[in-house]
Number of protein chains: 2
Amino acid sequence: MFARGLTPPYYAVVFSSRLADGAGYAETAERMVALAKTMEGYLGAESARSPDGFGITVSYWQDEEAIRTWKRHAEHKDAQAEGIDRFYEHYELRVARVSRAYSGPEGRRLIEKEKSDV
Amino acid sequence: MFARGLTPPYYAVVFSSRLADGAGYAETAERMVALAKTMEGYLGAESARSPDGFGITVSYWQDEEAIRTWKRHAEHKDAQAEGIDRFYEHYELRVARVSRAYSGPEGRRLIEKEKSDV
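Cut-off values and rules
- Residues numbered from 1 in each chain as written.
- Chains lettered and ligands numbered in written order.
- Predicted model: local features only at pLDDT ≥ 70, side-chain atom pairs only at ≥ 80, totals over all residues.
- Heavy atoms only, no water.
- UniProt positions renumbered as here; feature names shortened; annotations may be inferred.
- Helix = DSSP H or I, 4+ residues; strand = E, 2+ residues; numbered from the N terminus.
- Expected span 1.5 Å × (residues − 1).
- Contact = heavy atoms within 4.5 Å.
- Least-squares fit on C-alpha atoms with pLDDT ≥ 70 in both.
- Buried < 20%, exposed > 50% of the residue type's maximum accessible area, 1.4 Å probe, protein only.
- Pairing = 2+ DSSP bridges.
- Axes fitted to C-alpha atoms, helices over the stretch in contact; angles between N-to-C directions.

Undergrad: I keep staring at the UniProt feature "domain: ABM" (unreviewed entry) in chain A and nothing clicks. Help me out?
TA: UniProt's entry tags residues 25-81 of chain A with the feature "domain: ABM" (unreviewed entry), counted in the numbering of this structure. The distance from the first to the last C-alpha atom of residues 25-81 of chain A is 13 Å, and the span holds 49% helix and 28% strand.

Below you can see the structure in the form of structure tokens.
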């Protein structure tokens with residue numbers, strides 16, 4: 001579920017959406033995740049959707065060229081068209097360069113313990 | 001629910017988490033959103049959490065200085081400490097610069113219609 005252990009810099013595509021018509025959506029989304037995994041430069045993805053239909057999927061990529069190649073993939077373009085025509089009430093898509101990252105609480109917890117030992 | 005109409009470049013903090021202990025989490029999260037809104041350079045936020053406890057919150061900021069100031073805010077630091085100690089089983093936090101953004105399907109749908117008229 002987490003995309004772990006990625007070393008910046010890399011790129012993130014943040015895709016926020018609200019579903020209009022969810023019929024067949026899960027199957028298409030699952031297929032796109034499986035397909036993305038086969039793409040060069042794909043690093044991972046994370047996805048959450050609230051019961052009210054609002055969701056965020058973030059996919060991670062080595063560089064912008066990998067994102068462009070994925071955007072133009074024929075089967076992905078079909079899925080995009082279906083999303084535009086039917087699945088989504090609204091979406092926002094942002095391409096961003098990740099410059100730094102942190103994870104926890106494992107490491108953080110340890111740091112706090114060491115501090116309190118002093 | 002959507003952060004709309006933002007003009008790149010701007011910054012995104014992508015925070016992915018899995019809840020361990022959700023008691024009191026909603027209240028703390030709500031308070032942090034209300035507090036973030038009062039910060040200079042805050043542009044908006046989006047949040048989704050699946051019923052299984054995996055969630056993604058993305059907050060948007062004008063510049064990195066705004067993110068640093070928010071990170072150091074006293075009440076936010078208390079909330080971070082509570083998150084580390086209790087709320088989160090695991091989290092990943094990434095700071096990224098948004099270089100371009102798209103939204104739809106309103107505009108896209110129109111473009112597709114125009115194309116098919118040709």
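Undergrad: I would appreciate a short explanation of helix α1 (residues 25-36) of chain A in the present structure.
TA: Residues that lie three or four places apart on an α-helix share one face, since the helix turns once every 3.6 residues. Between its first and last C-alpha atoms α1(A) spans 16 Å; for 12 residues at 1.5 Å apiece the expected length is 16 Å, and the two agree. In this structure, the buried side of α1(A) is in contact with β1 (10-19), β2 (42-49), β3 (54-61), α2 (64-71), α3 (74-87) and β4 (88-104) of chain A.

Undergrad: For this particular structure, what's the right way to read the relation of the copies chain A and chain B?
TA: Both copies of the chain are tied together by a single rotation about an axis and a shift running along it. When chain A is brought onto chain B, the operation consists of a screw motion whose angular component is 180 degrees and whose axial shift is 0.0 Å, with 0.0 Å RMSD remaining. Both copies of the chain, as the preceding transformation shows, are related through a two-fold rotation axis. Here 100% of the contact residues of chain A are again contact residues in chain B; the copies associate through an equivalent surface.

Undergrad: Please clarify how the pairing of strand β1 (residues 10-19) of chain B should be interpreted in this entry.
TA: A regular strand carries its side chains on alternate faces of the sheet. All names here are of chain B. The element β1 is extensively covered by neighbouring structure, given that nine of its 10 residues are classed as buried. In terms of strand pairing, β1 meets strand β4 (residues 88-104) through 10 bridges, oriented antiparallel. Across the sheet, Ala-12 pairs through a bridge with Ala-96, a residue of β4. Here β1 pairs with strand β3 (residues 54-61) via eight bridges, running antiparallel. The residue bridging Ala-12 from the neighbouring strand is Tyr-60, located in β3.

Undergrad: Help me out: how do you make sense of the sheet that holds β4(A) in this one?
TA: What holds strands together in a sheet is hydrogen bonding between their backbones, with the strands either parallel or antiparallel. Read from one edge of the open sheet, eight strands run β2(A)-β3(A)-β1(A)-β4(A)-β4(B)-β1(B)-β3(B)-β2(B), paired in antiparallel fashion. The open sheet has two free edges, formed respectively by β2 of chain A together with β2 (42-49) of chain B, since each of these has just one partner strand. Averaged over neighbouring strand pairs, the angle between their axes works out to 25 degrees when direction is ignored. As judged from the seven bridges shared by β2(A) and β3(A), these two strands associate in the antiparallel manner. Its bridge partner being in β3(A), Tyr42(A) is matched across the sheet by Trp61(A).

Undergrad: I keep staring at the pairing of β3(B) and nothing clicks. Help me out?
TA: For β3(B), the tally of buried residues reaches seven of eight residues, placing the bulk of the element in the interior. Here β2(B) hands over to β3(B) after four residues, with Gly53(B) in that stretch at a positive phi of 100 degrees.

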